[in-house]
Structure formats: C-alpha cells, structure tokens
Amino acid sequence: MTDIIIETINLTKKFGSTTAVDNISLSIHKGEVFGLLGPNGAGKTTLLSMLCTILRPTSGSARISGYDITREPARVRGSIGIVFQDPSVDTDMTARENLQMHADLYGVPVPEQKERIRSVLTLVGLFDKADDFVNTYSGGMRRRLEIARGLLHYPKVLFLDEPTIGLDPRSREHIWEYIRTLRKREEMTIILTTHYMEEADRLCDRIAIIDHGRIVILDKPSALKEGIGGETLILGCDEPDILREHLEREKVSGQIRVRDREVLVGVNQAHLVLPRIIESAVRAGIRIDQVTVSHPDMNDVFIHYTGKDLSDGEVREKSGRMAMMKRRRTR
C-alpha cells in the first residue's frame, strides 16, 4: 500500500504561447511537509492552482488523496484545505461566526460542528477569543484563525500559501509550531510556499525549487545545502562595488555578488582563499573591515539554481493569487 497522497504526471499549463508549468512530475508522501520555492513567474502558483482545481491543466494529470483533479474536482476540494496569502477572514464577524459559516459551506455535519470549531480554535490558541470580533485581532491571530478555518473540514492535505508573510518574528515562530503540531498530531500533508529561506529549511522535509515552469532540483534541505558545496566569504567594506570588480578581475571565484555594504564570495576551502583575497585587496588599496565565513544555507541554494536572491525583496505571483481569491469568493 502506497503512502503517496499527491502525484502529478507531466502536469502542464499553457497560457497561449507561454508555458507556465512544464511537464512536472512529482510524488508527495502522506504526512510530509513539502516546500515549493521559486522566483516570480516560476510557475509555483499556477501549479498550486491546478492542484486545488482552480485551473484546469492543459495536459498531464494529477491525483490528490486518490482523486483526479480534472475528473473529480469536488472530491479533491473536499479533501484539501487552503490558507491564502492574502487576508480572507471576515473582520466584521467573530472567530466562531467565521468558522460556523465555513462549516456550513463545506457541509460539515451539524452535530459535529460545535466540537470541531472548539477543537481547531484550541489547536491554534484562540479558543478564549472565539467570541471576539476579528477586527480586534492582531495580524498573527488572524493568520492563526485562517489556519483553523482551513482545518475545520478535516482535510488530508493543507496548502499554505505564504503563511507567515508580514508577521513579526514571534508570531512567525508560533505559526511554525502549529505547523509542526499538525504534521505530528494529524498526520496531515502540508504543501508550503514561502519566501523565507529559514522557514523552508526548518519546516520542510523536502523542497522543490521551480524555475521557468520546471522543477530544477528536489531534495531534503540538508542534501540541497550539501550539494552546492563550498563556503561563502562575507567581506565588509566601504566600497563593495570596487572590491567586487577587483575580485572579478583577479578571478578568485565565479560567484561574487554585493549585498548592501558586503561582498559575498563563494569559494571552496575558504582558509586557503581568504589570505590571497586579503593580500590582493591590500595591494589594490582596498580596505576590508570585516570577514565572516558562512556555510551554505537555503538562500545560497536558491541563488545557485535560479541565479536570483529571493531574500532581496518580497515577490508575489499576483495573477495566480487573484485567481485563487476569485474562486474562493464564488464558492
């Protein structure tokens, strides 16, 4: 008996002459926290939209909980929960009223509704605020309520689209803890999109990096970091652009970039390369004020495979997100 709960085979979506998702085949296991990372326009939101039955594939197939996304969309929707990137709870209602409305929409049996609402509110730490209006909630509390709503109909798969975006570090840690609890207590499969590399590293069992509609790499976070090898020298100086140009002329590394007042240099055997960099900079009259050696992290992995730095700014795939919101409002 297989533990695969999501499977896609050559899943493809085209918009005219543009291929947004290009023959993606993957398998996701029951109870797995699976991360999807990708730059703007990479195709991850389109992929999620197909898996959630919002968009119909151009070709290929996918099954969730044994149901075909094209032939059995209602059964697929009944087996999944979605927490959107944008706020989607009614702030003029109480938390309990929001969940009651969702229970009615999803056909949760009436005799079970009261206990389910109590259970999910307790899980996310909001039971004592159940009868408070949502417009009195903080951003973190609203996010927790959205997660509670996504769990109300006991989905087997939960899609979390940027679950902690815009939250302060403490609220973000709380959401991470709820995700870990769900995975452990409910054996729920969680599909996570995020632009926080630390979040992907700490929460996900496996991560797929998508670029130009294709999965360019898929593995455990630890294996991804080990796979790119090397270290990063972080050189603090007053003239980072001049230092970068100098190091490029000296050909000390093929990976050199500037971040604020720092020059980041990807190297192998940093203990051997660093003295040569310092001596070269001194000869050129360039002062290096601070040196830090960093081992690969998920942002390094992302840059390695996409050539882009996701941490440099907030990136959103607006068209896909708006399609998801439109679908929700018309249900």
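Description of the structure in this document.

Rules and cut-offs
Residues numbered from 1 in each chain as written. Predicted model: local features only at pLDDT ≥ 70, side-chain atom pairs only at ≥ 80, totals over all residues. Heavy atoms only, no water. Salt bridge = Lys/Arg side-chain N within 4 Å of Asp/Glu carboxyl O. Helix = DSSP H or I, 4+ residues; strand = E, 2+ residues; numbered from the N terminus. Buried < 20%, exposed > 50% of the residue type's maximum accessible area, 1.4 Å probe, protein only. Pairing = 2+ DSSP bridges. Axes fitted to C-alpha atoms, helices over the stretch in contact; angles between N-to-C directions. Contact = heavy atoms within 4.5 Å. Patch = residues over 30% accessible without salt bridge, like charges linked within 9 Å, V, L, I, M, F, W, Y side chains within 5 Å. Areas by Shrake-Rupley, 256 points an atom, 1.4 Å probe, with all protein chains shown as cover. 1 Å grid on protein atoms, 1.4 Å probe; cavity = no way out; pocket = protein on both sides within 12 Å on 5 of 7 lines; lining within 4 Å. Points joined across faces, edges and corners; volume = space filled by probe spheres on them. Nonpolar A, V, L, I, M, F, W, Y, C, P; charged D, E, K, R; others polar. Phe/Tyr/Trp six-rings, centres within 6.5 Å; stacked < 30°, edge-to-face > 60°. Lys NZ or Arg CZ within 6 Å of the ring centre and 35° of its normal.

Across all of its chains, the model carries 16 salt bridges by this definition. Residue Arg-96 is joined to Asp-131 by a salt bridge in which the shortest nitrogen-to-oxygen separation is 2.9 Å. Within this pair, whereas Arg-96 is found in helix α3 (residues 95–105), its partner Asp-131 is found in the loop between α4 (110–123) and α5 (139–151), the two being separated by 35 residues in sequence. Looking at Arg-96, the relative accessible area reads 29%, which means it is partly exposed. On the basis of relative accessibility, which here comes to 52%, the residue Asp-131 falls in the exposed class. The partner of Lys-225 in a salt bridge is Asp-201, and the shortest N-O contact between them spans 2.8 Å. In this pair, Lys-225 sits in helix α8 (residues 221–228) while Asp-201 sits in helix α7 (residues 197–203), placing the two residues 24 residues apart along the sequence.

This part takes up the sheet that holds strand β12 (residues 255–259). Sheet strands associate in pairs through backbone hydrogen bonding, adopting either a parallel or an antiparallel arrangement. A sheet is described by the order of its strands in space; here four strands give the open sequence β12-β13-β11-β14, paired in antiparallel fashion. Both outer strands of the open sheet, β12 and β14 (290–294), are each paired with one neighbouring strand and no more. Averaged over neighbouring strand pairs, the angle between their axes works out to 20° when direction is ignored. Relative to strand β13 (residues 262–267), β12 runs antiparallel, the two being bridged by five bridges. Across the sheet, Gln-255 pairs through a bridge with Gly-266, a residue of β13. Strand contacts of helix α9 (residues 240–250): β11 (231–236), β12 and β13, with the helix running at about 175° to β12, the strand carrying the most contacts.

Turning next to the sheet that holds strand β3 (residues 33–37). One open sheet accounts for six strands, arranged β6-β7-β8-β3-β9-β10; its pairing is mixed. Of all the strands in the sheet, the pair left with one neighbour each is β6 (80–83) and β10 (214–219). Geometrically, the sheet is characterised by an average inter-axis angle of 20° between neighbouring strands, direction not taken into account. Here β3 pairs with strand β8 (residues 189–193) via four bridges, running parallel. Bridge assignment links Phe-34 to a residue of β8, and that residue is Ile-191. Against the sheet, helix α1 (residues 44–51) contacts β3, β7 (157–161), β8 and β9 (206–211), and its axis sits at roughly 135° relative to β3.

Here we come to a nonpolar patch on the surface. Residues Ile-278, Val-282, Val-291 and Val-293 make up a contiguous nonpolar surface patch of roughly 290 Å² in combined accessible area. On the basis of relative accessibility, which here comes to 59%, the residue Val-282 falls in the exposed class.

Following the criterion strictly, the structure yields two cavities of 30 Å³ or more and no others. The volume enclosed by the second largest cavity comes to roughly 50 Å³. Sorting the residues of the lining of the second largest cavity by element identifies β2 (18–29), β3 and α1 as the ones contributing at least two each. Residue composition of the lining of the second largest cavity, by class: seven nonpolar, one polar and no charged.

Looking now at the environment of Arg-170. Structurally, Arg-170 can be placed in helix α6 (residues 169–186). Classification of Arg-170 as exposed rests on a relative accessible area of 64%. Between the C-alpha atoms of Arg-170 and Gly-140, which are 30 residues apart in sequence, the distance is 8.9 Å.

So, about the packing of aromatic side chains. Under the definition given, this model contains zero aromatic pairs. The lysine or arginine in question, Arg-116, covers the ring of Tyr-154, its NZ or CZ lying 4.0 Å from the ring centre. We note Arg-172 situated over the ring of Tyr-196; from NZ or CZ to the ring centre the distance is 4.0 Å.

Before going further, it helps to examine the pairing of strand β4 (residues 59–64). Successive side chains on a regular strand alternate, one facing one side of the sheet and the next facing the other. Of the strand pairs in this sheet, strand β1 (residues 4–15) and β4 are connected by five bridges, and their pairing is antiparallel. For Ile-6, the partnering residue across the bridge sits in β4 and is Ile-64. With two bridges joining them, β4 and strand β5 (residues 67–68) adopt antiparallel strand pairing. Residue pairing for β5: Arg-63 is matched across the bridge by Asp-68. Connecting β4 to the antiparallel partner β5 that follows it, the hairpin turn spans two residues, and Ser-65 within it adopts a positive phi of roughly 55°.

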